[in-house]
Amino acid sequence: MTGEQANTVEFELRVNGEAVTLRLPPQVSLLDALREHLGLTGTKKGCDQGACGACTVLADGERINSCLTLAVQYAGREITTIEGITGELPRAFVRHDGFQCGYCTSGQICSATGMLAEHAAGMPSAVTGQHPGELIDAEIRERMSGNLCRCGAYNGIVDAIREVASGTAS
Amino acid sequence: MTQISTHTVIPPRSTTSERSVGRPVDRVDGTAKTTGEARFSAEYPYPDLAHAALVHATVARGRITAIDTAAASAVEGVLTVLTHENAPVLKPPPSPNPLNLSSMVSGTSVSYLNTDEVHWNGQPVAVVVAETPQAARRAALLVRVTYDSLPATLDFAAEEENARPLKGDLLSQAAAKKGDPEAALAAAPVSVDLRYTTPPYHHNAIEPHATTAAWDGDRLTVHDTTQSIDWVRRHLALRFGVPVAGVRVIAPYVGGGFGGKGLLWPGTILAVMAARATGRPVRLALTREGVYHTVGGRTPSAQRVALGAGPDGRMTALIHTSVSRVARVGGRPEPVTAVSGHLYDAANIRLQQNIVELDLLSNTFMRAPGEAIGTFALESAVDELACELGIDPIELRMRNEPARNPIDGKRFARRLLREAYALGAERFGWSERTPQPGSMRDGRWLVGMGVASAYHPPLQLDAHLTLRLSVDGTVVVRCGFQEMGMGGATATAQIAADALGVPLSSVRVEYGDSALPVAPMAGGATQTASVAAALLTAAEKLKKSLLALAGRSGESPLRGQRLDRLEARDGGLYRADRQGETYTGILSRAGRPSVEVAVGSDSGLGAAAGQVRFMARFLRDRRRWVKAALGAHFCEVRVDRDTGEVRVSRWVGAFDVGTVINPKTAGSQLRGGIVMGIGMALSEQTLVDPRTGRIMNPSLSEYHLPVHADIPPIDVCYLNEPDPTMPLGLMGLGEVGITGAAAALANAVHHATGKRVRDLPITLDKLL
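Residues numbered from 1 in each chain as written. Chains lettered and ligands numbered in written order. Predicted model: local features only at pLDDT ≥ 70, side-chain atom pairs only at ≥ 80, totals over all residues.

Asker: Could you give an account of the interface of chain B and chain A, naming the residues involved and the relevant values?
Answerer: How big an interface is tends to be expressed through the accessible area that disappears when the partners come together. Counting from both sides, the interface comprises 49 residues of chain B and, opposite them, 49 residues of chain A. Looking at the side of chain B that touches chain A, the elements that each hand over two or more residues are helix H1 (30-34), helix H3 (133-140) and helix H16 (663-682) of chain B. Per-element tally for the side of chain B that touches chain A: the top contributor is H16 of chain B, with seven residues. Partitioned by chemical class, the residues of the side of chain B that touches chain A number 19 nonpolar, 19 polar and 11 charged. (Contact = placed C-beta atoms within 7 Å. Helix = DSSP H or I, 4+ residues; strand = E, 2+ residues; numbered from the N terminus. Nonpolar A, V, L, I, M, F, W, Y, C, P; charged D, E, K, R; others polar.)

This is how it looks when you write it as structure tokens:
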């Protein structure tokens, strides 16, 4: 790339199981690093302000807003994007029509993946407080409220997550 | 055709013994959208791609007296800073002409960067082009602009008294009158006369507008977040003075539109201009704030609804007037009062739209323009009248259900509103509602139930396409329609499969590219019906060609047969006695790799004829009958008696939308409309500073969209009876869901609390 700022940092990220070396200005967000420098455009930019959740990825299994994160902060950490998601959630989203335009979908699926792990680990929520029990719909909705869907596919998203969480997915 | 616009349909395998239409099949683009494969407009890589960022005006009206770009230009990686002093000069936007719909695509009349005039607070006044998005954005902050401010008219509320009656045009009427409604209102034993207001709203598609533009000599390729690829192509060719044939607009995936990507806004023009000026491919991805400042939203409104009735509830007077705004630089008024000409059998009716012109960015259409906000006022007022009369709100509606269109006595093409209410009431359990406001409680929660009618007229435009059947049995539909999540590709594949009698899995649909035959824009809930009509015509032509091919052979059981006596099934044509032939068999014998037919012509006389056909059909239809997608919303809310917090706890929507092609995607469309209606009622509003014209909450943190926790399960059901006047009996359903939704919610809040909120959104402070 010509004209790149001289003020760059070299660091290594692990993305979807592969090590990649990046040389970037330190102010580049993890989101921009993924989209602009690694060609992983499945992670979306809806607001670049941490308000919509479209940029959600997993860092060592925990969901984060990649737009609010500098790439260099995650040197050495394991990042999972939609391109690296395995399991039944994507297919369940299709079966339950948990999207329309598809732009928030990567973030919804990554967020749901992280959310299920949080719930399994007993992390509290506003719905069930310190002792989350079974993953009821109100709990899913509460825990997924950081991911906006303007097409309004919320019902289908909850259906898809419930099906995968309960292990009834075909 | 490159891979860019090709979308392979891979639905589950099926046999044609089960028809595709009417089945809840998965979306054909589902895998692409759930794996991150789907590429949106800001995601096309180009070698040597440069990035652009906008500088927005900070005054509402004035002239630029100086613009200092030195500091911005000095930022490392900046290629150029375009301003009105150095930008390439374009041809001005054309004057809007209803006979040439593409002339209406420009969001404003401003020649961006070709003028020193500022017409709204937020207008782009400079574009920085740089090697990286970070450099472009940083440099944009360093551009210093000095203005001579001019007086500006900005305050909608203050200007309301200066509103002038709107003149109608070919496409919409602005006023209508029957009888003497004011006298009837004065004489009515029971009446209400009420004022409702709605704030400005923004579409807030989660994908911000973005354009990637690449020139090759006078040829231009644009990846644009647009609902109107053909109009964008024509507009760009005109503005940049290049042949239309050399401009290609590609948009296979659009990350939500809702009307906000229907017109062409500054970002598209400026990205193309920046690419022209720098000789590099350029991407301009708007910031969220940039979307608010350069893409219009929904007008605010102030509405009067006055209803007069006898003690039996029969309406004698219905008056609905509105004030909405347009900008001095553009915008079309929403038909706010139109719905009130169709819903109630009142003897005397008056409808009147009024407008004010402000120095703001043009308003634009947003999901169900007119009906979305008009039904809030009308359907709230009907609920208030029901309370005055002591009649159940559904019963009041049934007593005023018209046999003919109330405003002009025209026939209805169909009208199943009674049936929709009956179906919805049963599923919702309306009979458990006690009429007295505040009478239903659950602990600290006040429970309320409300209803309202949904209404949206369908429109059918002219679509062109080609349909090809190959010797291997695969079918390709090529049509330049657009997919923003409505499920158009899936519905089109289903319709093609049934029309030809082939499995869904053998149909591929190509769309979202101006290199394909022209289809109408994705808007007004028109697309599926428009494409379906063309597709059915094409399928008939194709089967005729195949029958003719078969008939050339003495061996074919189809020789001498008439098409209308044959059935298309199991991948071929069959007689009633089950003798017949597969398409593959016909083509193999004829030694043909494929047969292709075309419907419509994209250029010259053919294109002009298409416009004329549309207008003729529109006017003929309007003379003959009145048709609409209809529905009944049932909403239950729970309101915290101490804090006034409103939670929507249940929702049933019963719809009459004609034939449902795909219940899965149709349900999502209708639910999506209801979700947007919930946001409209409870949390959404764009705050415009009346002193400066600046939008004060241009972000998703401060403009509150409904989130997961706000949305209960929404039960959507259909009457599923075909509309006799529409292709396949289908009607678009992208818009009807939002209509009436806000009123149903406001009516439920009144039932819960006894408080009537006539000013949206229904925030806590209005309930305390």
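Asker: Give me the lowdown on the sheet that holds strand E3 (residues 56-59) of chain A, citing residues and values where you can.
Answerer: Residues and elements named next belong to chain A. With mixed pairing, the five strands of this open sheet are ordered in space as E2-E1-E5-E3-E4. The open sheet terminates on both sides in strands that have one partner only, identified here as strand E2 (18-24) and strand E4 (62-65). Between one strand and the next, the sheet's axes are offset by a mean angle of 40°, whatever the strand orientation. Where strand E1 (residues 9-15) and strand E5 (residues 78-80) come together, two bridges link them in parallel fashion. (Pairing = 2+ DSSP bridges. Axes fitted to C-alpha atoms, helices over the stretch in contact; angles between N-to-C directions.)

Asker: Describe the environment of Arg427 of chain B, and please don't skip the residues or the numbers.
Answerer: Assignment of secondary structure puts Arg427 of chain B in helix H11 (residues 417-428). Ignoring anything within four residues of it in the chain, the contact list for Arg427 of chain B reads Val652, Asp715 and Cys717 of chain B.

Asker: Explain helix H12 (residues 488-500) of chain B to me, and be specific about the residues and the numbers.
Answerer: Think of an α-helix as turning once every 3.6 residues; residues three or four places apart then point the same way. The first and last C-alpha atoms of H12 of chain B sit 18 Å apart over 13 residues, in line with the 18 Å expected at 1.5 Å per residue. Where H12 of chain B ends, the next residue or the one after it, Gly501 of chain B, has phi of about 70°, a positive value. (Expected span 1.5 Å × (residues − 1).)

Asker: Can you explain the confidence of the model for chain A? Please cite residues and give values.
Answerer: Residues at a pLDDT of 70 or more form 95% of chain A, whose mean pLDDT is 93. In this model residues 1-5 of chain A is a low-confidence stretch, pLDDT under 50, and it forms 11 contacts with partners more than four residues away in sequence or in other chains. (pLDDT = per-residue confidence, 0-100.)

Asker: Describe in detail helix H14 (residues 583-590) of chain B, supporting the description with residues and values.
Answerer: Residues and elements named next belong to chain B. Looking at H14, one finds that the buried residues are Tyr583, Ile586 and Leu587. Each buried residue of H14 lies within a common arc of 90° when the element is viewed along its axis, so the set occupies one face. Looking at the buried residues of H14, the elements they touch are strand E21 (465-470), helix H13 (527-551), strand E25 (572-574), strand E26 (580-582) and strand E27 (594-599). Directly after H14, the chain includes Gly591, whose backbone phi takes a positive value near 70°. (Buried ≥ 20, exposed ≤ 12 C-beta atoms within 10 Å, placed from the backbone. Arc of directions from axis to C-beta.)

Asker: Before we move on, could you go through the sheet that holds E26 of chain B and cite the residues and values that matter?
Answerer: Sheet strands line up and pair through hydrogen bonds in the backbone, either parallel or antiparallel. All names here are of chain B. In space, the three strands of this open sheet follow the order E24-E25-E26, with antiparallel pairing throughout. Lying at the two open borders of the sheet, with one neighbouring strand each, are strand E24 (567-569) and E26. For this sheet the average axis-to-axis angle between neighbouring strands, irrespective of direction, equals 25°. Alignment of E24 against E25, held across three bridges, turns out to be antiparallel. Pairing of Ala568 across the sheet is with Leu573, part of E25.

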